[in-house]
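Given next are the chains, with one letter for each unit.
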Amino acid sequence: MPRKDASSQLTAPLAWTVLILSVAQAVAVIIPLALFGGEPNDDGVDLLISPAGYAFAIWAVIYVLSAVTGYMFVRGLDSGTQFGKRLAVDLAVACGAAALWLIVSAASIDWLPSILLTVMALALLDAARIAAHPVENPSSTTTLVRITIGIYAGWATAAVFVNWASDIARSGAADESSVGWQLVVLIIAALVGVTVTYLYGSALPALPITLAWALLAIAVNAWSDSTPIAVTAVVGIIAVALAYWASTRRGAVSEGALSRA
């Protein structure tokens, strides 16, 4: 039986931490209802760049995939990637921050939810960088991790901009019905998504798919209220698709160079 790459292996305490926190973020969904009688962001503002409600069903997919990934970590003590310990720490941080986000958001604590989402997004983007790194002998765990991190990082990258925009509008610093500043936020979010897709999309196709899911939901929600927002979101989807194509081309060139070395 071939020996596992030591860089991909995990310690039992770290693997269990990921599993426990991945379950905790799912269980935390019921805490806002139990403690505060409402859901996260119940008092949030209705932004033009908010995704349509159906898009948030993706959280169920994230919760399930995170828990399954945690279970696989515990079962095999292997991440399926290089630098597995760091990836596991990133995922644990993201799950822990997500659990706290659910609670503080429902508790209507200003700004802290956005800070927690920023921590999540940064941790998941670092995890995406690690998950996208070439692996000599990819396994089923490698595939699972890439799907989980791709979806989670894609959604968090989009969500963090909407959350900050919501806090800005709720604080009175900007008008929630104004198109201009929300259009700027959407463009910046799309540019970040395009960049991340170009860097990691070829190895993590779930990432651009999730970004497209978020942008489509924004377009659907804004279509009857703001044509500029809706059109920009559609252009963002096209840009993400082109970035994915460029990423796959770049990946093919890199693989070709390695095979000739």
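Residues numbered from 1 in each chain as written. Predicted model: local features only at pLDDT ≥ 70, side-chain atom pairs only at ≥ 80, totals over all residues. Heavy atoms only, no water.

A few points about the overall build of the protein
Link 1 in the chain: When helices and strands are counted, the protein shows nine helices and zero strands.
Link 2 in the chain: Going from N to C terminus, the protein has its helices and strands arranged as α-α-α-α-α-α-α-α-α.
Link 3 in the chain: For the protein, contacts bridging at least 24 residues in sequence account for 83% of all contacts bridging at least 6.
Link 4 in the chain: When the accessible area of the protein is evaluated, it comes to approximately 12300 Å², of which 69% is carbon and sulfur surface. (Helix = DSSP H or I, 4+ residues; strand = E, 2+ residues; numbered from the N terminus. Contact = heavy atoms within 4.5 Å. Areas by Shrake-Rupley, 256 points an atom, 1.4 Å probe, with all protein chains shown as cover.)

A word on helix α4 (residues 84-106)
Link 1 in the chain: Helix length check: α4 (23 residues) gives 33 Å between terminal C-alpha atoms against 33 Å at 1.5 Å per residue, within 8%.
Link 2 in the chain: In terms of burial, α4 is largely enclosed, as 17 of its 23 residues are buried.
Link 3 in the chain: Count one or two residues on from α4 and you reach S108, which has phi positive near 60°. (Expected span 1.5 Å × (residues − 1). Buried < 20%, exposed > 50% of the residue type's maximum accessible area, 1.4 Å probe, protein only.)

Regarding the environment of A60
Link 1 in the chain: Residue placement: A60 occurs in helix α3 (residues 58-76).
Link 2 in the chain: Judged by its relative accessible area of 45%, A60 is partly exposed.
Link 3 in the chain: The spatial distance from the C-alpha of A60 to the C-alpha of A26 is 8.1 Å, given a sequence separation of 34 residues.

What to know about the environment of I209
Link 1 in the chain: Locating I209 in the fold gives a position in helix α8 (residues 206-222).
Link 2 in the chain: It is 9.2 Å that separates the C-alpha atoms of I209 and I237, two residues lying 28 residues apart in sequence.

Topic: the UniProt feature "transmembrane region" (unreviewed entry) in the protein
Link 1 in the chain: Residues annotated in UniProt with the feature "transmembrane region" (unreviewed entry) correspond here to residues 52-74, 86-109, 144-166, 178-199, 206-223 and 229-246.
Link 2 in the chain: The annotated region residues 144-166 carries 100% helix and 0% strand content, and the separation between its end C-alpha atoms amounts to 33 Å. (UniProt positions renumbered as here; feature names shortened; annotations may be inferred.)

Some remarks on a negative patch on the surface
Link 1 in the chain: Together, D46, D175, E176 and D225 line one region of the surface with negative charge.
Link 2 in the chain: Within the secondary structure layout, E176 lies in the loop between α6 (140-170) and α7 (179-200).
Link 3 in the chain: For E176, a relative accessible area of 34% gives the class partly exposed. (Patch = residues over 30% accessible without salt bridge, like charges linked within 9 Å, V, L, I, M, F, W, Y side chains within 5 Å. Salt bridge = Lys/Arg side-chain N within 4 Å of Asp/Glu carboxyl O. Lys, Arg positive; Asp, Glu negative; His and termini not counted. Charge placed at Lys NZ, Arg CZ, Asp CG, Glu CD.)

Points about empty space enclosed by the protein
Link 1 in the chain: Inspection of every chain in the model, using the stated rule, returns two cavities of 30 Å³ or more.
Link 2 in the chain: Quantified by volume, the largest cavity comes out at close to 120 Å³.
Link 3 in the chain: Going through the elements one at a time, α6, α7 and α8 are the ones with two or more residues in the lining of the largest cavity.
Link 4 in the chain: The element best represented in the lining of the largest cavity is α7, accounting for five residues.
Link 5 in the chain: Each residue belonging to the lining of the largest cavity can be placed in one class, and the counts come to 13 nonpolar, one polar and no charged. (1 Å grid on protein atoms, 1.4 Å probe; cavity = no way out; pocket = protein on both sides within 12 Å on 5 of 7 lines; lining within 4 Å. Points joined across faces, edges and corners; volume = space filled by probe spheres on them. Nonpolar A, V, L, I, M, F, W, Y, C, P; charged D, E, K, R; others polar.)

Considering the packing of α4 against α6
Link 1 in the chain: Where α4 contacts α6, the two axes come as close as 12 Å, and the packing angle between them is 45°. Comparing the axis directions of α4 and α6 gives the class oblique. Classified by chirality, the crossing of α6 by α4 is left-handed. On α6, the residues touching L87, L91, A94, C95, A98 and W101 of α4 are V145, I149, Y152 and N163. (Axes fitted to C-alpha atoms, helices over the stretch in contact; angles between N-to-C directions. Parallel < 35°, antiparallel > 145°, perpendicular 65-115°, else oblique. Left-handed = near helix turned anticlockwise from the far one by under 90°.)

A short note on the packing of aromatic side chains
Link 1 in the chain: This structure, assessed with the given rule, holds six aromatic pairs.
Link 2 in the chain: Centre to centre, the rings of Y54 and W213 are 5.5 Å apart; their planes meet at 90°, and the pair counts as edge-to-face. Here the residue Y54 occupies a position in the loop between α2 (30-36) and α3, and W213 occupies one in helix α8, the gap between them amounting to 159 residues.
Link 3 in the chain: Geometrically, the ring pair formed by F56 and W155 is edge-to-face, given 5.6 Å between the ring centres and 85° between the ring planes. Residue F56 is found in the loop between α2 and α3, and its partner W155 is found in helix α6; the two are separated by 99 residues along the sequence.
Link 4 in the chain: By relative accessible area, F56 is classed as partly exposed at 41%.
Link 5 in the chain: Cation over ring: R250 sits above Y198, and NZ or CZ is 4.7 Å from the ring centre. (Phe/Tyr/Trp six-rings, centres within 6.5 Å; stacked < 30°, edge-to-face > 60°. Lys NZ or Arg CZ within 6 Å of the ring centre and 35° of its normal.)

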